[in-house]
Amino acid sequence: MEDVMVLARKVRKVSWKIRFSRAIESALRFLMGGLIVDALFLIAVKIIGPPSFQFQLFFLLIVGAITGGILYGLFRPLPPIKAARLLDQKLNLRERVGTALELAPSKEREWPIAVTRDALACLQDYPLRKIKFRCWPREIKILPFLVAFLFIIYLLPPLSDWDFLSASRTGILAGEGERLEKMTYSLQEKVPKQEWDQSRELLSQLENLSQQMQREGIGLEEIIDRLSALSQTAQKRQQELEGLNIFSEGGRGGESGTPPLEGDAEENFYRLKLDKLKQLLTAVEGGRWGADLESEIEELSRDLPPGDDSRKSLEEVSQALSEGKGEQAEEELRQAMEKIKKSHSSSQEKQFLNELQREIDRSQQQLRERKGSAEFSPGEELTSPSQAIPQEKELDYPPTEESEGGTSAGTEPSAHPEGLPTERLPSSGEEIRVPGEFPLEAETSLKIYIPGGEKEAKAGTPLREVYPRYRKVAEETLIKERIPLGFREYVKEYFQSLEPR
Amino acid sequence: MNNRGGKSSKMAISVEDRTRLFRVTFKRLENEIQKVIVGHQKVIEGVLICLLSKGHVLLEGVPGLGKTLLVKTLSEVLNLSFSRIQFTPDLMPADIIGTNIIWESERGEKFFRFQKGPIFAHIILADEINRATPKTQSALLEAMQEGGVTVAGTLHRLEEPFFVLATQNPIEMEGTYPLPEAQLDRFFFKLKVEYPDLSELSEIVERTTKSEVPRAEKITTGNEILEMRQIVREVPIASYVKDYALKLVLATHPNSAIAPAEVKRFVKYGSSPRGAQSLVLGGKVKALIEDRYNVSFDDIQEVAHPSLRHRILLNFEGEAEGWDSDSVIDILLKGAKPGE
């Protein structure tokens, strides 16, 4: 019995070592699990775009996995028999310790005592303190590959950048060959790449700024300055790309009830308003709001038409300032700027549409007056080709005879003052007349004759003559182009089936 | 090692002493047999394990490898009676177990008297057992399993230790009757007698071409063998080691959930519970001869092949693919992790 107690104590000592090794083992296992989840997360990020908390979640998963693994390994149940079996396995004791502990409670004493003594005798040869249990899980071999895989995914561009690659691959597979491949790569190198780079640069600056703000606790004023600078750069970039400038086209006033302004006057008016608003915004951002600022805003709002949205916004700004709400005023100033820009552009568009409508009405009116002199109205449709055949004789051709010369250069009156008509191309098809557009002030119409194509034409060259040439080209293409092996035979069979017999 | 003292004498000797004596006797037996038989250490060890586990052994090998000599030598070293039965197609069951014959007394009265057959010996060599008909082969069934034969309604007990060694030739299959599964299952081990290597062959020639032929000496008696058999059955085995042996046996069945894919595909029938008994008892003997008081996973693994190879029946696909039961057992040993 004493021997059994001694053996049990030894096993208990070893069981703590086993727990620690299991803690490391399970931590590594959990870490690998966490890395796999991280890999999936990164793949999702590449497909649907990054959330703002991606790095926090990434590290949270890893730290959580390691902590969970250690706790699981330490507090997982470890019965003495199990510990004894692991000890047997470690020291190659041929199940002596495990059998001794299992037989200890039995009534039969002779053999259990013999087994226990045998186990103790074997254990005496081993210093238990120096025993080290295996900490590394069997799956540890895949850890480097897992980390490398994760790193590769991290380096990969987002899925949206892969459009060109996939398009080129599809092109190649479809048998369009190197031409499409080259074209695709040249496209990738030119415009879209630059645009992406610039957009990414702006985005990365904004992201860095946001991170810096969180990290260092930068003041609001500094951030506003940087954001304004970035916003200006972005606006400039947008204007360059889109080729739009709201002040370059010059509106003519709107139909919102305010007296329309004429061209440059309106442009200058809105430019001034915006400049003034920008100045005011800078003043508010700097925290310099007060009575002077309020009066300036009120003055500006009075210049605007009474029903204008931007005027209402400015009045709200003024009210917010008078109540000492600087930040609210700042926000409303921004909204006011936006509204001014919008109302300006919308009034421009409306003006342009109205003018366009008026021009159309005037043209239709003139046309109605001139109805009868012209063959077709713009609104009428051609119902048959014969309807389009000209009745005039001024463009009759071909010329039947040449006119005689005059007495001196430039004295002979010509029957064709606008020059000889173009020689008619030989064609047996029907002619189609296409009426030209009527200039609004024009007296005569312009008519263009297009010779019709051959009807029910037959191929003039027999297949026997062209077939060898076509076949040669097909064979060359089969050699040159990247056609999947399985399809080569199909192409070959197709051309063989065309062979004349 | 005298059994006459009964329980009191057993208690007088400690387990350590008894197992030490067991080990010494076993080694002496082994060494004595090896004086005559060259090589075949594994076969000799397997035969002795079977003898001490109260089992019977089937030896498979081509002719001329010393199977019969091994059995004869064993009977010499054990100082036990020995019978050799040459199985032929015309051999009848009565030729093995004996028959009632008419006797006449001095007073002229006639009566039946049982004439014992060759099976009434301690060690039986059933040579080329697969050459006899299944009817005759089955005559061994009761003797091997029950330790007795019944003739004309009378049970005749066989004297212990009763040990059957059967041999069969794996290559000459024409005119043979493969042993039925029920018969095969009664053999504790099936041992394969391999061809000797160059050095062993040289030693065989050296020993058998001289004027002096080596002779084995008597080492032990039948009673000592029975005492050793008793020790074997006392050896403890941990529950998880026993579970491992049982899982190995269960895994031989194609319908079992723990059977590997190869077993499901190539095996027709798996081992019977006798296979598990064979694994555990064989493991116990292995533990004792390796100076241990408990059975280990290694012991079970070492006796897995001879215990299970004749109890696994391959299906047509398995045989067509060139599999044999030994390769299936290899798969089982690789798949079933000890202690899990």
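Residues numbered from 1 in each chain as written. Chains lettered and ligands numbered in written order. Predicted model: local features only at pLDDT ≥ 70, side-chain atom pairs only at ≥ 80, totals over all residues.

Asks: So what's going on with the overall build of chain A? Residues and values would help.
Replies: In terms of helices and strands, chain A carries 16 helices and 2 strands. Counting only residues that meet the buried cut, chain A has 15% of its 501 residues in that class. Within chain A, residue pairs in contact and separated by at least 24 positions form 63% of the contacts whose partners lie at least 6 positions apart. (Helix = DSSP H or I, 4+ residues; strand = E, 2+ residues; numbered from the N terminus. Buried ≥ 20, exposed ≤ 12 C-beta atoms within 10 Å, placed from the backbone. Contact = placed C-beta atoms within 7 Å.)

Asks: An account of the overall build of chain B is requested, with residue identities and associated values reported.
Replies: The secondary structure content of chain B amounts to 16 helices and 11 strands. Out of the 340 residues in chain B, the part that is buried amounts to 42%.

Asks: Go over the confidence of the model for chain A with me, naming the residues and quoting the values.
Replies: Residue and element names in this part refer to chain A. Confidence along chain A averages 67 in pLDDT terms, with 43% of residues attaining 70 or more. For residues 244–263, every residue scores under 50 in pLDDT, and the model assigns this stretch 40 contacts once sequence neighbours within four places are set aside. Overall, residues 372–406 carries pLDDT values under 50, and its contacts beyond four positions in sequence, including any with other chains, amount to 34 contacts. (pLDDT = per-residue confidence, 0-100.)

Asks: Tell me about the interface of chain A and chain B, and please be specific about residues and values.
Replies: Taken together, the contact between chain A and chain B spans 14 residues of the former and 15 residues of the latter. Mapped onto the side of chain A that touches chain B, the elements with two or more residues apiece are helix 3 (80–91), helix 4 (96–103) and helix 5 (110–124) of chain A. Of the residues that constitute the side of chain A that touches chain B, the class distribution is 4 nonpolar, 3 polar and 7 charged. (Nonpolar A, V, L, I, M, F, W, Y, C, P; charged D, E, K, R; others polar.)

Asks: Describe the packing of helix 2 (residues 15–36) of chain B against helix 9 (residues 222–234) of chain B, with residues and values.
Replies: Residues and elements named next belong to chain B. One can describe the packing of helix 2 onto helix 9 by two numbers: an axis separation of 11 Å at closest approach and a directional angle of 125 degrees. As summarised for this structure, helix 2 and helix 9 are arranged oblique, according to the angle between their axes. The handedness of the crossing between helix 2 and helix 9 comes out as left-handed. Between helix 2 and helix 9, the contacting residues are Arg-18, Thr-19, Phe-22 and Thr-25 on the first element and Glu-224, Met-228 and Ile-231 on the second. Class assignment of the residues belonging to the contact of helix 2 with helix 9 gives a composition of 3 nonpolar, 2 polar and 2 charged. (Axes fitted to C-alpha atoms, helices over the stretch in contact; angles between N-to-C directions. Parallel < 35°, antiparallel > 145°, perpendicular 65-115°, else oblique. Left-handed = near helix turned anticlockwise from the far one by under 90°.)

Asks: Can you explain the nonpolar core? Please cite residues and give values.
Replies: Of all hydrophobic cores here, the largest spans 107 residues; its most connected members are Val-47, Val-57 and Leu-165 of chain B. Discounting chain neighbours no more than four positions away, the residues touching Val-47 of chain B are Val-57, Leu-70, Leu-74 and Leu-191 of chain B. In terms of nonpolar packing, the next biggest core, distinct from the first, is built from 6 residues, Ala-27, Leu-28, Leu-31 and Ala-65 of chain A among them. (Core = buried A, V, L, I, M, F, W, Y, C linked by C-beta atoms within 7 Å.)

Asks: Can you tell me about the pairing of strand 4 (residues 110–116) of chain B, naming the residues and giving the values?
Replies: Residues and elements named next belong to chain B. Inspection of the sheet shows strand 3 (residues 98–104) paired to strand 4 by 7 bridges, in the antiparallel sense. In the strand pairing of strand 4, Asn-100 is matched with Phe-114. Counting the residues that bridge the hairpin from strand 3 to strand 4 gives 5 residues, and of these Gly-108 lies at a positive phi of roughly 90 degrees. (Pairing = 2+ DSSP bridges.)

Asks: Account for the pairing of strand 1 (residues 57–60) of chain B, naming residues and giving values.
Replies: Residues and elements named next belong to chain B. Pairing between strand 1 and strand 8 (residues 163–168): 4 bridges, direction parallel. Opposite Val-57, over in strand 8, you have Leu-165 as the bridge partner. In this structure, strand 1 lies alongside strand 9 (residues 189–192), joined through 4 bridges in parallel fashion. Bridged to Leu-58 within strand 9 is Lys-190.

Asks: Tell me about the sheet that holds strand 1 of chain B, residues and numbers included.
Replies: One key point about sheets: their strands pair by backbone hydrogen bonds, in either a parallel or an antiparallel sense. All names here are of chain B. On the basis of which strands lie adjacent, the open sheet formed by 5 strands has the order 2-5-8-1-9 and parallel pairing. Across the chains shown, the open sheet's two edge strands, defined by having one partner strand only, are strand 2 (82–86) and strand 9. The average angle at which neighbouring strand axes cross in this sheet is 20 degrees, direction not considered. Where strand 2 lies against strand 5 (residues 123–127), 5 bridges are found, and the strand directions are parallel. Paired with Ser-83 across the strands is Ile-124, a residue of strand 5.

Asks: Describe the packing of helix 1 (residues 2–48) of chain A against helix 4 of chain A, with residues and values.
Replies: Residue and element names in this part refer to chain A. Running from N to C, helix 1 and helix 4 point in directions that differ by 125 degrees, and their axes come no closer than 10 Å. Between helix 1 and helix 4, the angle is such that the two are oblique. In this structure, the crossing between helix 1 and helix 4 has a hand that is left-handed. In this structure, helix 1 uses Leu-7, Ala-8 and Val-11 to contact helix 4, whose residues at the interface are Val-97, Ala-100 and Leu-101. Here the residues of the contact of helix 1 with helix 4 sort into 6 nonpolar, no polar and no charged.

Asks: Could you give an account of unusual backbone geometry, with specific residues and numbers?
Replies: Residues and elements named next belong to chain B. Note the cis peptide between Glu-160 and Pro-161, where omega equals -10 degrees. Along the chain, Pro-161 falls in the loop between strand 7 (154–157) and strand 8. Residue Asp-291 is not a glycine yet carries a positive backbone phi of 60 degrees. Turning to its location among the elements, Asp-291 is positioned in the loop between helix 12 (273–289) and helix 13 (297–302). On the basis of neighbour counts, which here come to 10 C-beta atoms within 10 Å, the residue Asp-291 falls in the exposed class.

Asks: Before we move on, could you go through the environment of Ile-124 of chain B and cite the residues and values that matter?
Replies: Residue and element names in this part refer to chain B. Here Ile-124 lies in strand 5. Taking the number of C-beta atoms within 10 Å as the measure of exposure, Ile-124 has 27 and is therefore buried. Along the sequence, Ile-124 and Ala-166 sit 42 residues apart, while their C-alpha atoms lie 7.9 Å from each other.

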